[in-house]
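Descriptive structure summary
The residues making up each chain are set out below.
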Amino acid sequence: MTVRLGFIGVGGMAQYHINKLKLVPQALIVSVYDANPETARKVGEETGAQVMEHADQVLDAARIDAVFICTPQFARDELEETAASRGIHVFAEKPLGLRMDVVRRKEQAIREAGIINSAGYCLRYLDTVTKAKLYLQDKSIHMINGYRFGGLHPSKWWRNLEMSGGHFVDTATHQVDMIRYLCGDFVEIDAKFEQKSLRTVDPDATIYDAGVAAFKLENGVTGYVSDSCLARYSGRAEVEVYGTDFYLQLSKNGTVLTIIDEQQNVVETSKTDFYLEQNRTFVEAVASGSMSAIRSPYADAMKTLEVTLVANESTLIRKPLPVGEPYSKLEIVS
């Protein structure tokens, strides 16, 4: 079965997906839209897809079976709900949005429509992450540390807290999600994010440039995630899991797995093209009508988003907050 695909937003992240979908025999990209007409035109020429004048034109159930929504988090409008109402299957890039009430409403629409759905937590498809999850399933975890250090995103909108949510919401979300996927759900978070140096680089920026979020999981395990978007000379993206009888590390954004215990001291490098696996899995799910192989459904990605937005709220009011309260919006420190 050929799965006809539409794309709303065909910038840098979407082009990762498009390049991998070219390797999936069942996938056929037929419609694209982007707010930048020139970008859309180039992608249309490369893929043979028709370039649409409006996002709603992509969401035509007579033309497409599924849509990849790859617009920035501030520019989602009601795309997921519209797709769901028309029976179009949805792949939504992370983060899903900036307001939990809106994202919960979208999740309900997707769930009630019964469409196939997936979200862009691509690291879940790594073979190293799969091995880590299997190893940890019967282990007693003592503590968890996560790190996400790197440089600034070049786009001006990304440096605006109201448009991106900041580095923790947009980027360190992968480490938050990996912790959830491997170790359990968050029940409390206490974040301390600051804008320490960023305005010397970009006077108009409003995001935080460094911070740490301490947390507690539902199983009682504690830990922290630290992050910085001004660490140009020391990129780091990893999760460390400590037990009294083992140590597990997923470094280089999950692609290198280290396990040390009484029986082994091993380091494995992933052989998985995780973007390809993520996209192939979604296309095959649409073709088969089964969600069983999808590792990051929209509803689960919503839980990861909630952790990061609650961290921003915790920073704002300077105290720890439970995860699961009905926080409705992202607030900005003036």
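As shown above, the structure is provided for reference.
Values in this document were obtained by computation on a predicted structure and should not be read as measured data. (Residues numbered from 1 in each chain as written. Predicted model: local features only at pLDDT ≥ 70, side-chain atom pairs only at ≥ 80, totals over all residues. Heavy atoms only, no water.)

1. Notes on the overall build of the protein chain
Summing up its helical and strand segments, the protein chain has 11 helices and 15 strands in all. A compact globule built from 334 residues would reach a C-alpha radius of gyration of about 20 Å, and the protein chain, at 20 Å, matches this within 12%. Along the first, second and third principal axes, the C-alpha atoms of the protein chain reach 55 × 50 × 40 Å. The 334 residues of the protein chain split such that 54% are buried. By sequence separation, contacts in the protein chain at least 24 residues apart represent 69% of the contacts at least 6 residues apart. Surface accessibility of the protein chain: about 14,600 Å² in total, with carbon and sulfur atoms responsible for 49%. The averaged location of the 44 negative side-chain charges in the protein chain is 2 Å from the averaged location of its 36 positive side-chain charges. (Helix = DSSP H or I, 4+ residues; strand = E, 2+ residues; numbered from the N terminus. Rg over C-alpha atoms; globule rule 2.2 N^0.38 Å. Buried < 20%, exposed > 50% of the residue type's maximum accessible area, 1.4 Å probe, protein only. Contact = heavy atoms within 4.5 Å. Areas by Shrake-Rupley, 256 points an atom, 1.4 Å probe, with all protein chains shown as cover. Lys, Arg positive; Asp, Glu negative; His and termini not counted. Charge placed at Lys NZ, Arg CZ, Asp CG, Glu CD.)

2. Points about helix 6 (residues 127–136)
Owing to its 3.6 residues per turn, the α-helix aligns residues three or four sequence positions apart on the same side. When we look at burial in helix 6, the residues that qualify are Thr128, Val129, Ala132, Tyr135 and Leu136. Projected down its long axis, helix 6 carries its buried residues within an arc of 125 degrees, all on one side. Summarising the contacts, the buried residues of helix 6 are in contact with helix 9 (173–183), strand 11 (236–243), strand 12 (246–251), strand 13 (256–261) and strand 14 (265–269). (Arc of directions from axis to C-beta.)

3. Quick word on the sheet that holds strand 15 (residues 321–322)
In space, the nine strands of this open sheet follow the order 14-13-12-11-7-10-9-8-15, with mixed pairing throughout. Either end of the sheet is taken by a strand with one partner, and the two such strands are strand 14 and strand 15. Summarising the sheet, strand 7 (residues 143–149) and strand 11 pair through seven bridges and their orientation is antiparallel. Each residue of the ladder has a partner; that of Met143, found in strand 11, is Tyr242. Set on the sheet, helix 6 makes contact with strand 11, strand 12, strand 13 and strand 14; between it and strand 12 the angle comes to about 160 degrees. (Pairing = 2+ DSSP bridges. Axes fitted to C-alpha atoms, helices over the stretch in contact; angles between N-to-C directions.)

4. Points about the nonpolar core
Taken as a class, soluble globular proteins show a tendency for nonpolar side chains to be buried jointly. With 72 residues, the main nonpolar core has Leu5, Phe7, Ile144, Leu182 and Leu248 as its most contacted residues. The leading source of residues in this core is helix 10 (residues 274–288), at seven residues. The residues contacting Leu182, other than those within four sequence positions of it, are Val129, Ala132, Lys133, Leu136 and Leu250. Formed by 29 residues, the second largest nonpolar core is a distinct cluster that contains Val30, Met52, Ile88 and Ile110. (Core = buried A, V, L, I, M, F, W, Y, C linked by side-chain atoms within 4.5 Å.)

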